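Structural overview for review
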Amino acid sequence: MNDSFNGKPRTLAEKVWDDHLVVKGEEGNPDLIYIDLHLVHEVTSPQAFDGLRLAGRPVRRPDLTIATEDHNTPTLAIDKPIADLTSRTQIQTLRNNCAEFGVRLHPLGDIEQGIVHVVGPQLGLTMPGTTVVCGDSHTSTHGAFGAMGIGIGTSEVEHVLATQTLPLKPFKTMAITVEGTLRPGVTAKDIILAVIAKIGTGGGQGYVLEYRGSAIRSLSMDGRMTICNMSIEAGARAGMVAPDQVTYDYLEGRAHAPKGADWDAAVEYWNTLATDDDAVFDAEVFLDADELEPFVTWGTNPGQGVSLSDRVPDPAAISDPNERASAERALEYMDIAAGTALKDIHVDAVFMGSCTNSRIEDLRAFASIIKGQKKADGVRVMVVPGSARVRIEAEAEGIDQIVKDFGAEWRFAGCSMCLGMNPDQLAPGERCASTSNRNFEGRQGKGGRTHLVSPLVAAATAIRGTLSSPWDLTAGFDTVAERPAQPTEPAETQDGVIA
Amino acid sequence: MEKVTVVQGIAMPLERANVDTDQIIPAVFLKRVTKTGFDDALFYAWRQDPEFVLNNPVYKGARVLIAGQDFGIGSSREHAVWALRDFGFDAVLSPRFGDIFRGNAGKQGLLAGEISEADLESLLAAIKAQPGVEASVDLVAKTARIGEVIVPFQIDDYTRWRLLEGLDDIGLTLRNEAQITEFEGRRESWRPRTLPEQHVTGE
Ligand code: SF4
């Protein structure tokens, strides 16, 4: 371990940073940081490989690099050539580049293919105390393991391929403390949607977020990944959770997890990573988990969200002029009126998937609600596992059959309707309850309207045809006995302090 | 990256202000898989007009673009710089650049020099007097010359140094190759490795 900190108490993020310092930047120059793991996909890598070729440079560490195909891949008929020529070319280019530069690739049809942020953790490659980068903003997902996951641009992809390092300026640190116990039906997705609604889409800018507190500790790795995944939607560069036994239990035995003496050495080191008791964060935010309800977005950025039992806010009541204008535009695009009860909003489609919510637990949660039910008439429901392996695991548990019996589509793995780069898109004007992470205009298809929700809310919505919480169901919610009485107050969170 | 000291070549006037990167290269071209081959995408919408300066044979082979204020504002797309480079430009002079564009230019060896509005006018006048005239942009002296007109330009010291040394970010980082190798030497054996490929037991 690196002891260069001179006894100063440090946060988790600072420890990981310090232990990857290759060269300390002087006089405002960036630090040079070593990268433990580089994940690559077809969209942001072609120009980076091309740059290497032009400069006659090799990939410095193919053994720290791994590629998969996800953004462009079809989720039906994956054994046929990809119909869209541009997509096919992008995929073929990745294949050629990986072959030429010796990078391991999991192509469409491979058992380890899937969304890049699902594949890394599932192989045991994402580990505590490591630096992980990918030419994709949702690389923050990997922070769930106590890693520093940073999304980068194409020039930086090339830089990492060539040098296995990145010049980076140090980040500020923000603690997001979530204390208490989630009520049944409330999930990690609701926590992060509430956090973003609270601090805003720019609230995390310049920060690495560290999620702490009893509610975070009680989450599984899948839940922690959901939270870290959306750190970028608050503008943060990364989001992290300190590793603990939950992390180790998830990792142990995975294909690339350390073995034997390496495992012991790793755990010993990982146990030192937690933020020191007297370390100081640059900013702190608090959220009360006891009070949280299922959350949903009403607008066109992930910060425009409220409790599902609430009403669409009135822009006129928003004091900040920029936010007011943005809310007005959003309501126009979303075609909903201020004051509408969220639960009165009908949807045309439900998308269950994306790197936010497509892991096995997400599918189990979704299946637990829809089991034995039929989807609402006229609602298109698509279930897209995050990886080929998740799909196989789900099929072994019979989840595919539950999905089909429900009347929903069971698809092959990929990004799918999260961004609609493949044929899975909303038609103009269609409204969708989606477990993904971005509700930007046109994100799921030109003119499409997105409401971000948890898998449980997606399932309840698919049953009722209107935005619904599992609390609204008369049957099908496993923990009905524990279901709370309909809350009287909308979730009000304790005031946070942002420095 | 090639060292940049003096850029010499035909100067093309672009008498427009607020040229955003959407105009430099429209979004439809971002689906391409190469960093090269964007020359036909440069100013795609405008060049449909036969009168547009890019279509004027007098300026064929131009290497220096003289543009109006606020060149390269808007979207961060690095493709805007790639397209300019591909078309053959090695330098752009303008009274002001979009921040991100200026940063991207520095990464790709495109000299982006800031000139005063008055000097912009004299450079444009010099071109008008003699269309197809060569410009000489001297990064050492930080001056640009067209015919008899010589004007100073501004560029930040760090970028200038990198261009003079021919260092892209990667080249710069590789100066620390020894430290990188040393770091790799003490990297713990438990840390992730993607190769050799391993499968879950039973595969
Ligand atoms: S699932 Fe969506 S957010 Fe995640 S990597 Fe794919 S496109 Fe990006």
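Residues numbered from 1 in each chain as written. Chains lettered and ligands numbered in written order. Predicted model: local features only at pLDDT ≥ 70, side-chain atom pairs only at ≥ 80, totals over all residues. Heavy atoms only, no water.

1. Notes on the overall build of chain A
Secondary structure assignment for chain A yields 15 helices and 19 strands. Taken over the C-alpha trace, chain A has a radius of gyration of 22 Å; the compact-globule value for 499 residues is 23 Å, and the two agree within 12%. Along the three orthogonal principal directions, the C-alpha set of chain A runs to about 55 × 55 × 45 Å. Here chain A, with 499 residues, has 63% of them falling under the buried criterion. In chain A, the share of contacts with a sequence separation of at least 24, taken over all contacts with a separation of at least 6, comes to 75%. Counting every atom, chain A has about 17200 Å² of accessible surface; 50% of that belongs to carbon and sulfur. In chain A, which carries 44 positive and 68 negative side-chain charges, the distance between the mean positions of the two groups comes to 5 Å. (Helix = DSSP H or I, 4+ residues; strand = E, 2+ residues; numbered from the N terminus. Rg over C-alpha atoms; globule rule 2.2 N^0.38 Å. Buried < 20%, exposed > 50% of the residue type's maximum accessible area, 1.4 Å probe, protein only. Contact = heavy atoms within 4.5 Å. Areas by Shrake-Rupley, 256 points an atom, 1.4 Å probe, with all protein chains shown as cover. Lys, Arg positive; Asp, Glu negative; His and termini not counted. Charge placed at Lys NZ, Arg CZ, Asp CG, Glu CD.)

2. Some points on the site of the ligand
With respect to spatial proximity, the complete set of residues near the ligand consists of H71(A), I115(A), H117(A), D136(A), H138(A), S354(A), C355(A), C415(A), C418(A), L419(A), N437(A) and R443(A). Here the shell around the ligand is composed, by residue class, of 5 nonpolar, 5 polar and 2 charged. (Near = heavy atom within 4 Å. Nonpolar A, V, L, I, M, F, W, Y, C, P; charged D, E, K, R; others polar.)

3. Examining the packing of helix α12 (residues 360–370) of chain A against helix α14 (residues 399–406) of chain A
All names here are of chain A. Between α12 and α14, the least distance of the axes is 10 Å, while the angle of their chain directions is 45°. The orientation of α12 relative to α14 falls into the category oblique. When the axes of α12 and α14 are compared, the crossing they make is left-handed. Note on element contacts: α14 touches α12 through I399, I402, V403 and F406, opposite I360, L363, R364, A367 and I370. A class-by-class count of the residues in the contact of α12 with α14 yields 8 nonpolar, no polar and 1 charged. (Axes fitted to C-alpha atoms, helices over the stretch in contact; angles between N-to-C directions. Parallel < 35°, antiparallel > 145°, perpendicular 65-115°, else oblique. Left-handed = near helix turned anticlockwise from the far one by under 90°.)

4. Section: the sheet that holds strand β7 (residues 148–151) of chain A
Residues and elements named next belong to chain A. Spatial ordering of the open sheet is given by β5-β4-β3-β6-β7, a layout of 5 strands whose pairing is parallel. Where the open sheet ends on each side, the last strands, each with one partner, are β5 (104–106) and β7. Along the sheet, successive strands turn relative to each other by an average axial angle of 20°, direction set aside. Pairing between strand β3 (residues 37–40) and strand β4 (residues 65–68): 3 bridges, direction parallel. For V40, the partnering residue across the bridge sits in β4 and is A67. (Pairing = 2+ DSSP bridges.)

5. Digging into the pairing of strand β15 (residues 349–352) of chain A
Along a regular strand, successive side chains alternate from one face of the sheet to the other. Residues and elements named next belong to chain A. Here β15 shows two buried faces, one formed by A349 and F351 and the other by V350 and M352. Here 4 bridges tie β15 to strand β16 (residues 380–383), and the two strands are oriented parallel to one another. Paired with F351 across the strands is M382, a residue of β16. Note that the unit made of β15, α12 and β16 has a crossover that is right-handed. Relative to strand β18 (residues 431–434), β15 runs parallel, the two sharing 3 bridges. Residue F351 lies in a different strand from β18, and its bridge partner there is S434. (Right-handed = clockwise from strand over helix to strand, strands pointing away.)

6. Some remarks on the confidence of the model for chain A
For chain A, mean pLDDT is 91; residues scoring 70 or higher make up 94% of the total. Below pLDDT 50 for its whole length, residues 479–499 of chain A participates in 42 contacts with residues either more than four positions away or in separate chains. (pLDDT = per-residue confidence, 0-100.)

7. Let's talk about helix α5 (residues 157–165) of chain B
All names here are of chain B. Listed in full, the buried residues belonging to α5 are T159, R160, R162 and L163. All buried residues of α5 fall inside an arc of 165° around its axis, so they share one side. Of the residues one or two after α5, G166 is the one with positive phi, at around 70°. (Arc of directions from axis to C-beta.)

8. Some points on the interface of chain B and chain A
Contact with chain B, which involves 41 residues of that partner, is made by 59 residues of chain A. A buried area of about 4100 Å², summed over both sides, lies between chain B and chain A, and 56% of it is on carbon and sulfur atoms. Counting every contact that joins chain B to chain A gives 8 salt bridges. Where R187(B) meets D36(A), a salt bridge forms, and the shortest distance between an N and an O atom there is 3.0 Å. Here chain B and chain A share 20 residue pairs in polar contact (both at pLDDT 80 or more) between them. (Buried area = accessible area lost by both parts, 1.4 Å probe. Salt bridge = Lys/Arg side-chain N within 4 Å of Asp/Glu carboxyl O. Polar contact = N/O pair within 3.5 Å; in protein donor to acceptor, adjacent residues only side chain to side chain.)

9. Some points on the side chain of H117(A)
Residue and element names in this part refer to chain A. Mapped onto the fold, H117 is located in helix α4 (residues 116–122). Under the relative-accessibility criterion, H117 is labelled buried at 1%. In this structure the side chain of H117 is engaged in a polar contact, spanning 3.0 Å, whose partner is the side chain of D136. A distance of 3.0 Å separates the side chain of H117 from the side chain of H142, its partner in a polar contact. When neighbours within four sequence positions are excluded, H117 is seen to be in contact with C134, D136, H138, T139, T141, H142, C355 and R359.

10. Points about the pairing of strand β10 (residues 207–212) of chain A
Residues and elements named next belong to chain A. Within β10, 5 of the 6 residues are buried, which leaves the element mostly enclosed by the surrounding structure. Where strand β9 (residues 172–179) meets β10, 6 bridges bridge the pair, whose relative direction is parallel. Residue pairing across strands places M174 opposite L209, the latter belonging to β10.

11. Let's talk about a negative patch on the surface
Where like charges cluster on the molecular surface, the negative patch consists of D249(A), E252(A), D264(A) and E268(A). The residue E268(A) is located in helix α10 (residues 260–270) in this model. (Patch = residues over 30% accessible without salt bridge, like charges linked within 9 Å, V, L, I, M, F, W, Y side chains within 5 Å.)

12. Observations regarding the packing of aromatic side chains
Tallying each qualifying case throughout the model produces 16 aromatic pairs over all chains. Relative to F101(B), the ring of F97(B) lies with its centre 6.1 Å away and its plane at 10°, an arrangement referred to as stacked. Each member of the pair, F97(B) as well as F101(B), carries the same accessibility label: buried. Through successive ring pairs, a cluster of aromatic residues spans Y248(A), W263(A), Y269(A), W270(A) and W190(B). Positioned over the ring face of F412(A) is R391(A), at 3.8 Å from the centre of the ring. The aromatic ring of W46(B) is capped on one face by R16(B), whose charged end is 4.0 Å from the ring centroid. (Phe/Tyr/Trp six-rings, centres within 6.5 Å; stacked < 30°, edge-to-face > 60°. Lys NZ or Arg CZ within 6 Å of the ring centre and 35° of its normal.)

13. Points about the pattern of salt bridges
Oppositely charged side chains may form a pair once their charged atoms are brought near each other. Residues and elements named next belong to chain B. Under the definition given, this model contains 37 salt bridges over all chains. In this structure, D70 and R96 form a salt bridge, with 2.8 Å as the shortest nitrogen-oxygen distance. Taken together, the positions of D70 in the loop between β2 (64–67) and α2 (79–87) and R96 in the loop between β3 (91–94) and α3 (99–107) put the pair 26 residues apart, joining distant regions of the chain. With a relative accessible area of 14%, D70 lands in the buried category.

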